[in-house]
Amino acid sequence: MRKLLYLFLCGSLLLGLGADPRDSQLLHAVDDSKDKNKLQSKDEEAEERLNKFMREKLTSSQEVLEGLMIEDYDLMQKGAKKMIKMSNATDWQVIEGPIFAQQSDEFRSAARQVIKFAKEKNLDGASLSYLHLTMTCISCHKKVNKVLISER
């Protein structure tokens, strides 16, 4: 009985050694697809976090706009301060480099101007600063989108 079991085990091992190498490649391909799915999942999670972050930024921008519409200078300051705080967060750093840093600096400067004019209760100054703030957002999004498209 032992001899039979021994022969069976040796035969199985020998048959295994003669296996088609493509079977091994297939196993690796399945493993690679799992890795790719994990990477896609991580990319999707990062994109979802960024989308949520940008929605929060948009909400802050809407606070400034609402403050301008109803002449609520505190609301203008509150929204602009949130935007400055958000622009210092790591989630803000979609792309690194001097152009993006300059865009961020200009954004913060425009937001500080909104705060300054809101403190002075200068509606026209706050309005123009908000317009400049909005233009910096649009300009940056155009540049970031170009970079992201070229990386694909």
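This structure is a prediction, so every number in the text was calculated from the model and none was measured.

S.K.: Account for the state of the cysteines, naming residues and giving values.
M.R.: Within this structure, the stated rule accounts for zero disulfides. With no disulfide of its own, Cys137 lies 7.8 Å from the sulfur of Cys140, the closest cysteine sulfur. For Cys137, a relative accessible area of 16% gives the class buried.

S.K.: Provide a residue-level description of the side chain of Ser61, including the pertinent values.
M.R.: Positionally, Ser61 belongs in helix H2 (residues 21-70). We classify Ser61 as buried; its relative accessible area is 12%. Not counting residues up to four positions away in its chain, the partners in contact with Ser61 are Met83 and Tyr130.

S.K.: Which residues make up a negative patch on the surface, and what are the values?
M.R.: Together, Asp43, Glu44, Glu45, Glu47 and Glu48 make up a region of like negative charge exposed at the surface. Structurally, the position occupied by Glu47 is in helix H2. In this structure Glu47 comes out as exposed when scored by relative accessible area, which is 52%.

S.K.: Residue-level account of a nonpolar patch on the surface, with values.
M.R.: On the surface, Leu128, Leu131, Met135 and Ile138 cluster together into a nonpolar patch covering about 410 Å² of accessible area. Within the secondary structure layout, Ile138 lies in helix H5 (residues 123-151).

S.K.: If you had to explain the pattern of salt bridges to someone new, which residues and values would you point to?
M.R.: Inspection of every chain in the model, using the stated rule, returns four salt bridges. In this structure, the salt-bridge partner of Lys82 is Glu63, at a minimum N-O distance of 2.9 Å. Here Glu63 lies in helix H2 and Lys82 lies in helix H3 (residues 73-87), a separation of 19 residues in the sequence. Lys82 sits in the partly exposed class, given a relative accessible area of 33%. Here Glu120 ties to Lys116 by a salt bridge, and the two come within 3.4 Å at their closest N and O atoms. Judged by its relative accessible area of 46%, Glu120 is partly exposed. Because the salt bridges share partners, they merge into one network encompassing Glu63, Lys78 and Lys82.

S.K.: I'd love a proper account of the nonpolar core, names of residues and values included.
M.R.: By size, the foremost hydrophobic cluster in this structure holds 18 residues, and its most contacted members are Val64, Leu68, Met76, Ala80, Val114, Tyr130 and Leu133. Elements with a minimum of two residues in this core: H2, H3, helix H4 (98-119) and H5. Once residues lying within four places of it in the same chain are set aside, the contact partners of Val114 are Val64, Met76, Ala80, Ala126, Ser129 and Tyr130.

Criteria and cut-off values
Residues numbered from 1 in each chain as written. Predicted model: local features only at pLDDT ≥ 70, side-chain atom pairs only at ≥ 80, totals over all residues. Heavy atoms only, no water. Disulfide = S-S within 2.5 Å. Buried < 20%, exposed > 50% of the residue type's maximum accessible area, 1.4 Å probe, protein only. Helix = DSSP H or I, 4+ residues; strand = E, 2+ residues; numbered from the N terminus. Contact = heavy atoms within 4.5 Å. Patch = residues over 30% accessible without salt bridge, like charges linked within 9 Å, V, L, I, M, F, W, Y side chains within 5 Å. Areas by Shrake-Rupley, 256 points an atom, 1.4 Å probe, with all protein chains shown as cover. Salt bridge = Lys/Arg side-chain N within 4 Å of Asp/Glu carboxyl O. Lys, Arg positive; Asp, Glu negative; His and termini not counted. Charge placed at Lys NZ, Arg CZ, Asp CG, Glu CD. Core = buried A, V, L, I, M, F, W, Y, C linked by side-chain atoms within 4.5 Å.

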